[in-house]
Amino acid sequence: MLPPPSGSSCCAACCGIVVTVLTALVVLGGVALGEFEDSLTQHGHLKDLSGGVAEPRRPGASAHYDDGLTTTVSPPHREPDNSYSFTVT
């Protein structure tokens, strides 16, 4: 058998480098997209997960969010028209 011409081995090496670079770009793009998606879905979620629909927060309790927001609900009080009111701060 005759050895392959030097042009063929150079072409194979270049193709290998191109495939490696493209694979690295796809992996890095996937990682960046995953981090971007996580940043969108985590914004505004509760840090303090106590309380919920089945077990609501008690009056005066605060909810602390990961973006620095804190909300507090005052205890309800009866109004003269027999309705109840409360404030959220």
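All residue numbers here refer to positions counted from 1 along the written sequence of the relevant chain. Totals for whole chains, interfaces and linings use all residues, but because this is a predicted model, local features are given only for residues with pLDDT of at least 70 and pairs of side-chain atoms are given and counted only at 80 or more. Only hydrogens and water are set aside; all other atoms, that is, all heavy atoms of the structure, feed into the side-chain values.

A. View of the confidence of the model for the protein. Residue-level confidence of the predictor, termed pLDDT, takes values from 0 up to 100. For the protein, the mean per-residue pLDDT works out to 76, and 71% of the residues sit at or above 70. Each helix is a run of H or I in the DSSP string that is no shorter than four residues. Each strand is a run of E no shorter than two, and both are numbered from the N terminus. When the elements of the protein are averaged for pLDDT, strand β1 (residues 62-64) gives the smallest value, 76, and strand β4 (residues 84-85) the largest, 89. Segment residues 51-55 is flagged for pLDDT under 50; beyond a separation of four residues in sequence, or across chains, it makes two contacts in the model. Should any heavy atoms of two residues lie within 4.5 Å, those residues are considered in contact.

B. Layout of a nonpolar patch on the surface. Among the surface-exposed residues, I17, V18, V21, L22 and L25 lie close enough to one another that they form a single nonpolar patch of about 480 Å² accessible area. For I17, the location among the structural elements is in helix α1 (residues 6-42). Here I17 falls in the exposed class, since its relative accessible area comes to 55%. Residues with no salt bridge and a relative accessible area higher than 30% make up the patches, which join like charges within 9 Å and nonpolar side chains (Val, Leu, Ile, Met, Phe, Trp, Tyr) within 5 Å. The protein chains shown are the only cover counted for residues, whose accessible areas, like all others here, come from Shrake-Rupley with a 1.4 Å probe. The salt bridge criterion pairs a side-chain nitrogen of Lys or Arg with a carboxyl oxygen of Asp or Glu, the two atoms within 4 Å. Partly exposed describes any residue whose relative accessible area lies between the buried limit of under 20% and the exposed limit of over 50%, with all areas from a 1.4 Å probe on protein chains only and scaled to the type maximum.

C. Up close: the environment of P59. Mapped onto the secondary structure, P59 falls in the loop between α1 and β1. Sequence-wise, P59 and V73 are 14 residues apart; in three dimensions their C-alpha atoms are separated by 5.6 Å.

D. Spotlight on the state of the cysteines. By disulfide we mean two sulfur atoms from cysteines, separated by a distance within 2.5 Å. Taken as a whole, this structure holds zero disulfides when the rule is applied. Not part of a disulfide, C11 finds its nearest cysteine sulfur in C15, a span of 4.3 Å. Judged by its relative accessible area of 45%, C11 is partly exposed.

E. Structural detail: unusual backbone geometry. One non-glycine residue, N82, adopts positive backbone phi at about 70°. Within the secondary structure, N82 is located in the loop between β3 (77-78) and β4.

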